[in-house]
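Inside the fold
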Amino acid sequence: QVQVVESGGGLVQPGDSLRLSCAASGNIVSIVIMGWYRQAPGKQRELVAAITSDGSLNYADSVKGRFTISRDNAKNTVYLQMNSLKPEDTAVYYCHSDIRTVVSGPLFRYWGQGTQVTVSS
């Protein structure tokens with residue numbers, strides 16, 4: 001069994017910073033990709049950023065230069081540092097981990113429960 005738990009959301013003002021954390025635990029052999037998606041009201045869920053186990057990065061154009069994703073492989077944890085936040089960054093942020101629970105087995109994507117980020121003056 002695998003759990004993915006996010007933390008760090010909240011209410012901030014435009015221009016502020018916030019850091020999200022997400023930890024995976026349980027029956028984990030390896031985590032290939034960890035990442036963040038977000039979903040604003042009335043919109044589809046969209047990729048924010050992702051990082052592979054060897055450090056390859058992928059960012060949405062809308063967050064490049066403002067958000068930084070990083071991970072601690074020893075702790076099975078991924079972070080999202082969000083700077084210069086804008087009202088349009090307001091959304092529920094979901095963490096995912098693409099995990100193998102069996103050596104050389106298939107990958108499964110596990111999702112966290114989501115954490116609300118609200119950027120408002």
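Scroll up for the structure.
Here's a quick rundown of the structure. (Residues numbered from 1 in each chain as written. Predicted model: local features only at pLDDT ≥ 70, side-chain atom pairs only at ≥ 80, totals over all residues. Heavy atoms only, no water.)

Some words on the side chain of His96
How we decide: In DSSP terms, a helix is any run of H or I states spanning at least four residues, a strand is any run of E spanning at least two, and both are numbered starting from the N terminus. Working definition: with a 1.4 Å probe on protein chains only, accessible area under 20% of the residue-type maximum means buried, over 50% means exposed, and in between means partly exposed. Under the rule applied, a polar contact is a pair of N or O atoms within 3.5 Å (in protein, one hydrogen donor and one hydrogen acceptor; residues adjacent in sequence only if both atoms are side-chain atoms). What makes two residues a contact is simply this: any of their non-hydrogen atoms within 4.5 Å.
Residue placement: His96 occurs in strand 9 (residues 91–100). Exposure remark for His96: the relative accessible area of 1% places this residue in the buried category. Reaching out from His96, the side chain makes a polar contact with the side chain of Arg109 at a distance of 3.3 Å. With near-sequence residues (within four places) excluded, His96 lies in contact with Ile33, Met34, Gly35, Trp36, Tyr37, Arg109, Tyr110 and Trp111.

Some remarks on the sheet that holds strand 1 (residues 2–7)
Under the convention used in this document: Any two strands with at least two DSSP-identified bridges between them are counted as paired. In this description, a line fitted to the C-alpha atoms serves as the axis of each element, helices being fitted only across the stretch in contact, and the angle between N-to-C directions of two axes falls anywhere from 0 to 180 degrees.
The sheet built from 4 strands is open, its strands ordered 1-3-8-7 with antiparallel pairing. The sheet terminates laterally at strand 1 and strand 7 (67–72), the two strands that pair on one side only. Sheet twist, expressed as the mean angle between neighbouring strand axes with direction ignored, is 15°. With 6 bridges joining them, strand 3 (residues 18–26) and strand 8 (residues 77–82) adopt antiparallel strand pairing. Bridging across to strand 8, Cys22 finds its partner in Val78.

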